[in-house]
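# Remarks on the overall topology
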Amino acid sequence: MRVGELARRTGTTVRALRYYESAGLVVPRRLGNGYREYDPIAVRLVAQIRELMALGLTVEETRPFVESIAGGADEADVCAAAVATYRSTITGLQERIGRLTAQREALDARLDAVATQVVPGGDTVGADPAALVGTRLPQLSFYGTDGRPVDLGALGAGRTVVFVYPLTGRPGVDLPNGLLEVHGARGSTEQAAWFRDHHAELRVAGAARVYGLSAQSTGYQRELAHRLRLPYPLIPDPRLTLADALRLPTRTAGDMTLYERLTLIIADGEVEHVFHPIPDPASHPLHVMRWLTKRRQAPGSVAA
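Computed from a predicted structure; not experimentally measured.

## Considerations on the overall build of the protein chain
Per the secondary structure count, the protein chain includes ten helices and eleven strands. Within the protein chain, the proportion of its 304 residues that are buried is 41%. At a minimum sequence separation of 6, the contacts of the protein chain that also span at least 24 residues come to 63%.

Quick look at the structure:
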């Protein structure tokens, strides 16, 4: 039979059959016109290869079984080489199971540790953000997505803008159930992009530095910073350390506790202004820019 017929009868592809041929497992005869002709036994050989590969064997590891059938044996796994291959494959599977089990246990341990550090909450938890004005920030150390340490209690001279947001998604990945129902969960990506697009204007208006902060992990925030090419760092706070220190409002959805959206203006180590609520995240940077411009122009204002 020709290669197309063999592929049809065995439910495989011509490309796979060429690979088996190159490995010397299923070898056709060459006709005078150059065409390949497979003997009827090739159907059984290919079926054996595919069956063993489904069990986890590599193409090369099917060789003793294929050679046994080609040699006329009724059962492909009666030879010593076949038995040894079975044993070797089982040993390999046991080692993989051990490694995967250890990984699962390590992940379970980390999940348990993180769960004990998440701030518990109901629908809304936290103080009135307006009451934060005049509050001095404690020494809270983080690492931004640019790899540099950030101490919110020692930001340096000038005004700092810290916009706090619930979470961002990734392209093509659905958010966990219930998160889209969280007030303010939508629009975080657009808000980050707008702070990017107006970053230079914010600096001119009086912002010495800009940060974004959420309870998402470093990996999520680095992906966002890279994808949007943000000119400012994001701060991962999965333990909700800032919420605990300042009693910032949070909301719980399922097993996740997230920040409510707000923006802090920090000057001389104190909260100078709080934007909350933020109904339109995309246009919010413009409101921040206008506020900074007015404050910079006011007598006795903090220098940028």
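Read on for the rest.
## Some points on the sheet that holds strand S6 (residues 207-214)
As summarised here, the arrangement of the five strands in space is S7-S6-S5-S10-S11, forming an open sheet in which the pairing is mixed. Among the strands making up the open sheet, the edge pair consists of strand S7 (234-236) and strand S11 (270-275). Averaged over all adjacent pairs, the angle separating strand axes in this sheet is 25 degrees, with direction ignored. For strand S10 (residues 262-267) and S11, the ladder comprises five bridges, and the chain directions are antiparallel. In the strand pairing of S11, Ile-266 is matched with Val-271. Packing against the sheet, helix H6 (residues 188-197) makes contact with strand S5 (159-164), S6 and S10, and its axis sits at approximately 160 degrees to S5.

## Focus: the packing of H6 against helix H10 (residues 284-297)
Packing of H6 against H10 brings their axes to within 8 Å, and their N-to-C directions diverge by 40 degrees. Our classification of the angle between H6 and H10 gives oblique. Contacts between H6 and H10 involve Gln-191, Trp-194 and Phe-195 on the former and, on the latter, His-284, Pro-285, Leu-286 and Val-288. Split into classes, the residues belonging to the contact of H6 with H10 amount to five nonpolar, two polar and no charged.

## Comments concerning the nonpolar core
Leu-152, Leu-242, Leu-248, Tyr-259 and Leu-264 are the most contacted members of the largest nonpolar core, which totals 24 residues. Among the elements of the structure, S5, S6, helix H9 (241-246), S10 and S11 are those that each provide at least two residues to this core. Residue contacts for Leu-264: discarding those within four places in its chain leaves Leu-132, Thr-160, Val-161, Val-162, Leu-246, Val-271, His-273 and Val-274. Within the second largest apolar cluster, 22 residues are counted, among which are Ala-205, Leu-228, Leu-230 and Leu-234.

## Considerations on the packing of aromatic side chains
Evaluation of the coordinates by the stated rule reveals five aromatic pairs. Each ring, one from Tyr-19 and one from Tyr-20, has its centre 6.5 Å from the other, and the planes form 50 degrees; the classification is tilted. Given a relative accessible area of 48%, Tyr-19 falls into the partly exposed group. Relative accessible area serves as the criterion here: at 5%, Tyr-20 is assigned to the buried category. Three or more aromatic residues joined by ring pairs form one cluster here, namely Phe-163, Tyr-165, Phe-195 and Tyr-232. The ring of Tyr-35 is capped by Arg-2, whose NZ or CZ atom sits 4.6 Å from the centre of that ring.

## Describing the confidence of the model for the protein chain
Within the protein chain, residue pLDDT values average 83, and 84% of them lie at 70 or more. Counting contacts from residues 115-123, a segment whose pLDDT is below 50, to residues more than four positions away or on other chains yields twelve contacts. Under a pLDDT of 50 for its full length, residues 177-184 has, in the predicted model, 13 contacts with residues more than four places off or in other chains.

## Considering the pattern of salt bridges
Any two side chains of opposite charge can pair, given that their charged atoms come close. Under the counting rule described, the total for this entry stands at twelve salt bridges. Between Glu-5 and Arg-8 there is a salt bridge, with the nearest N and O atoms lying 2.7 Å from each other. Of the two residues, Glu-5 and Arg-8 both sit in helix H1 (residues 3-10), three residues apart, roughly one turn of that helix. Owing to a relative accessible area of 30%, Glu-5 belongs among the partly exposed residues under this scheme. Assessed through its relative accessible area of 59%, Arg-8 is described here as exposed. Across the salt bridge formed by Glu-223 and Arg-227, the nearest N and O atoms sit 2.7 Å from each other. With Glu-223 and Arg-227 both in helix H8 (residues 218-228), this residue pair falls four residues apart, about one helical turn. Because the salt bridges share partners, they merge into one network encompassing Arg-18, Glu-21 and Arg-36.

Rules used throughout
Residues numbered from 1 in each chain as written. Predicted model: local features only at pLDDT ≥ 70, side-chain atom pairs only at ≥ 80, totals over all residues. Heavy atoms only, no water. Helix = DSSP H or I, 4+ residues; strand = E, 2+ residues; numbered from the N terminus. Buried < 20%, exposed > 50% of the residue type's maximum accessible area, 1.4 Å probe, protein only. Contact = heavy atoms within 4.5 Å. Pairing = 2+ DSSP bridges. Axes fitted to C-alpha atoms, helices over the stretch in contact; angles between N-to-C directions. Parallel < 35°, antiparallel > 145°, perpendicular 65-115°, else oblique. Nonpolar A, V, L, I, M, F, W, Y, C, P; charged D, E, K, R; others polar. Core = buried A, V, L, I, M, F, W, Y, C linked by side-chain atoms within 4.5 Å. Phe/Tyr/Trp six-rings, centres within 6.5 Å; stacked < 30°, edge-to-face > 60°. Lys NZ or Arg CZ within 6 Å of the ring centre and 35° of its normal. pLDDT = per-residue confidence, 0-100. Salt bridge = Lys/Arg side-chain N within 4 Å of Asp/Glu carboxyl O.

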